[in-house]
Amino acid sequence: MRPKAVAYYKKYIWERGKMLEISDLQSGYGETQVLFDVSLELSQGSLHTILGRNGAGKTTTLKTIMGLIKPKSGNILFEGNNIAGCEPYNIAGRGVAYVPETRDIFPSLTVLENLELTATRFASPDHKDGWTLGRIYELFPRLQERSDNYGNEVSGGEQQMLAIARALLMNPKLLILDEPTEGLAPIIVKQIHEQLKALKETGLTIILVEQNFGFAVSLADEVSVMGKGQIQWHGRPDEIRTNREVQQQWLGV
Ligand SMILES: Nc1ncnc2c1ncn2[C@@H]1O[C@H](COP(=O)(O)OP(=O)(O)OP(=O)(O)O)[C@@H](O)[C@H]1O
Ligand SMILES: [Mg+2]
C-alpha cells in the first residue's frame, strides 16, 4: 500500500478512538480452520467481553491477536499498525499483555520472584504513573501476604491475581484476560470482579473472555458473542441481558 494511504488510514482509526480493529480474520491450527471472518473493534479505555460456549473459538481469537498463532488472512490493527502475523514478543513490546487460561505461574519461584521477574524486565523509568510493586500490593493485598510462598503453594485465585499482576507490571495499553474466573470459588470471583472494576476505572483497555455471564456482562462496555468460530452477535451489555434468544442459542444461559 502507498505510504500516504497507510498514514491516512492510521489517522482515520485514531480519530475514531479505536485501539484495536480486527477485520475478516481467518485462523486455526495447521490445516484446521477455526476462525471464520472474525471482526471486532475495541475503543480506547473500554472493556470488551467475548462470550461463548466451550470450543467457540475464544482462546484461538486471543492467541491470534497475541501472535501465538499466525492468521491465514485478515488484519489486526493495534493503534493503527497491522500486527497480524507479528511475533508475540513484538506484540507484547507494543503494549499488549495476555493472561492465558493456564495462568503460567512459575511454580518454583516465590510470588515476589514471579512479580520481580516481570518488573525488572519491563519497568521503564519514564512510566511515572506506571505499575509498581507497591500499587500491585494495594490492588491485591493477598499477594503481599503470600509474597514468600512458592508459585505452587498458592491457591487458584491467588495464582489468577498473580497472573494479572504480572501482566500489569508490563504497563500494558491493552490487557487481555482469558477466563479469569474459571474454577474459582464465588467469593474469589467477587474479589476479582472488584479488582477488574478498579482496573477499568484507571482507564485501561481490556478484552475479557468469559463463560461466567453475570461476571462478564456487569463489567462490559461492549459484548461480542462467539459461536462456531464466528462473531454471532455484538452489542451493549443491557441488550444481551434481555436477549433470551441469543443467550439460549449461543450461550446456554
Ligand atoms: N492446539 C489445537 N490444535 C487443533 N485444534 C485446536 C487446538 N486448540 C483448540 N483447537 C480447536 O479449536 C476450536 C476452538 O477452540 P478454542 O480453544 O478457541 O475455544 P474456546 O472458545 O476458548 O473454548 P473454551 O471455553 O473451552 O476455552 C475447538 O474446536 C478446539 O478443539
Ligand atoms: Mg478457551
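The text that follows walks through the structure, step by step, so that each part is easy to find. (Residues numbered from 1 in each chain as written. Chains lettered and ligands numbered in written order. Predicted model: local features only at pLDDT ≥ 70, side-chain atom pairs only at ≥ 80, totals over all residues. Heavy atoms only, no water.)

1. A few points about helix H2 (residues 58-65)
Rules: Each residue is assigned to one of three classes by its accessible area relative to the maximum for its type, calculated with a 1.4 Å probe on protein chains only: buried under 20%, partly exposed between the two thresholds, exposed over 50%. Under the scheme used here, helices are H or I runs from DSSP no shorter than 4 residues and strands are E runs no shorter than 2 residues, and both carry numbers assigned from the N terminus.
Within H2, seven of the eight residues are buried, which leaves the element mostly enclosed by the surrounding structure. Looking one or two residues beyond H2, the residue adopting positive phi is Gly-67, at roughly 85 degrees.

2. With respect to the side chain of Thr-205
Selection criterion: Polar contacts, as used here, are pairs of N or O atoms within 3.5 Å; protein pairs need one atom able to donate a hydrogen and one able to accept it. Residues neighboring in sequence count only if both atoms are side-chain atoms. In this description, contact between two residues means that some pair of their heavy atoms is separated by no more than 4.5 Å.
Relative to the elements of secondary structure, Thr-205 occurs in strand E8 (residues 205-210). The class of Thr-205 is buried, set by a relative accessible area of 1%. A distance of 2.8 Å separates a polar side-chain atom of Thr-205 from the backbone nitrogen of Gly-45. Contacts of Thr-205, omitting those with residues within four sequence positions, involve Met-19, Leu-42, Ser-43, Gln-44, Gly-45, Ser-46, Lys-173, Leu-174 and Leu-175.

3. Details of the pairing of strand E2 (residues 32-43)
Rules: Note on pairing: DSSP must find at least two bridges between two strands before they are called paired.
Bridge count between strand E1 (residues 18-29) and E2: eight bridges; the pairing is antiparallel. Across the sheet, Leu-20 pairs through a bridge with Leu-42, a residue of E2. The antiparallel hairpin formed by E1 and E2 contains two residues in its connecting segment, where Gly-30 sits at a positive phi of about 55 degrees.

4. Quick word on the nonpolar core
Heads up, the condition is: For our purposes a nonpolar core is just a set of buried Ala, Val, Leu, Ile, Met, Phe, Trp, Tyr and Cys residues, chained together by side-chain atoms within 4.5 Å.
Counting residues in hydrophobic clusters, the biggest one holds 45 residues, and the most contacted among them are Ile-136, Leu-168, Leu-175 and Leu-199. Ranked by the residues each element gives to this core, the list is headed by helix H7 (residues 156-168), at seven residues. Core analysis: the second largest hydrophobic core is formed by 25 residues, Ile-22, Cys-86, Val-96 and Val-209 among them.

5. A short note on the sheet that holds strand E3 (residues 47-51)
This is how it is decided: What counts as an axis is a line fitted to C-alpha atoms, over the stretch in contact for a helix, and the angles between N-to-C directions run from 0 to 180 degrees.
Strand order in this open sheet of six strands is E6-E7-E8-E3-E9-E10, and the pairing throughout is mixed. If you trace the sheet from one side to the other, it starts and ends with strand E6 (96-99) and strand E10 (230-235), each paired once. The sheet shows a mean angle of 15 degrees between the axes of neighbouring strands, taken without regard to direction. As paired strands, strand E7 (residues 174-178) and E8 are joined by five bridges and run parallel to one another. Considered in E8, the bridge of Leu-175 is made with Ile-206.

6. Points about the packing of aromatic side chains
To be explicit about the condition: Classification of ring pairs rests on two measures: the distance between centres of Phe, Tyr or Trp rings, Trp counted by its six-membered ring, which must be within 6.5 Å, and the angle between planes, read as stacked under 30 degrees, edge-to-face over 60 and tilted in between. Cation placement over rings: the criterion is NZ of Lys or CZ of Arg within 6 Å of the ring centroid and within 35° of the ring normal.
In total, this model carries zero aromatic pairs according to the counting rule given. Seen from the ring of Trp-131, Arg-135 lies directly overhead, with NZ or CZ sitting 3.9 Å from the centre.

7. Quick look at the sheet that holds strand E5 (residues 81-82)
Strand order in the open sheet made by the four strands is E2-E1-E4-E5, with antiparallel pairing throughout. The open sheet has two edge strands, E2 and E5, and neither has a second partner. Across the sheet, H2 touches E1, E2 and strand E4 (73-78), and the angle it forms with E1 is around 115 degrees.

8. Re the site of ligand 1
To be explicit about the condition: Nearness here has a simple test: a residue counts as near a molecule or strand if at least one of its heavy atoms is within 4 Å of that partner. Only the protein chains shown count as covering a residue, and every accessible area follows the Shrake-Rupley method with a 1.4 Å probe.
Near ligand 1 there are 13 residues, and of these Asn-54, Gly-55, Lys-58, Thr-59 and Thr-60 occur at the shortest range. With respect to ligand 1, the backbone of Ala-56 contributes an N or O atom lying 3.1 Å from an oxygen atom. Out of a free accessible area of 630 Å², ligand 1 has 60% covered by protein chains. At three residues, the largest contribution of residues to the shell around ligand 1 is made by H2.

9. Considerations on the pairing of E6
Here E6 shows no split at all, with Val-96 and Tyr-98 on one side and Ala-97 and Val-99 on the other all buried. Bridge count for E6 against E7 is four bridges, and the pairing is parallel. Bridged to Val-96 within E7 is Leu-174.

10. Concerning the pattern of salt bridges
Put simply, the rule reads: For this document, the term salt bridge refers to a Lys or Arg side-chain nitrogen within 4 Å of an Asp or Glu carboxyl oxygen.
In total, this model carries nine salt bridges according to the counting rule given. The closest approach of N and O atoms between Glu-87 and Lys-70, which form a salt bridge, is 3.8 Å. Separated by 17 residues along the polypeptide, Glu-87 in the loop between E5 and helix H3 (88-93) and Lys-70 in the loop between H2 and E4 bring together distant segments of the chain. For Glu-87, a relative accessible area of 38% gives the class partly exposed. The partner of Glu-158 in a salt bridge is Arg-142, with the nearest N and O atoms 2.8 Å apart. Of the two residues, Glu-158 sits in helix H7 while Arg-142 sits in helix H6 (residues 141-145), which places them 16 residues apart along the sequence. Look at Glu-158 and you get buried, because its relative accessible area is 5%. Given the relative accessible area of 35%, Arg-142 is considered partly exposed. Salt bridges sharing common partners tie together Arg-142, Glu-145, Arg-146 and Glu-158.

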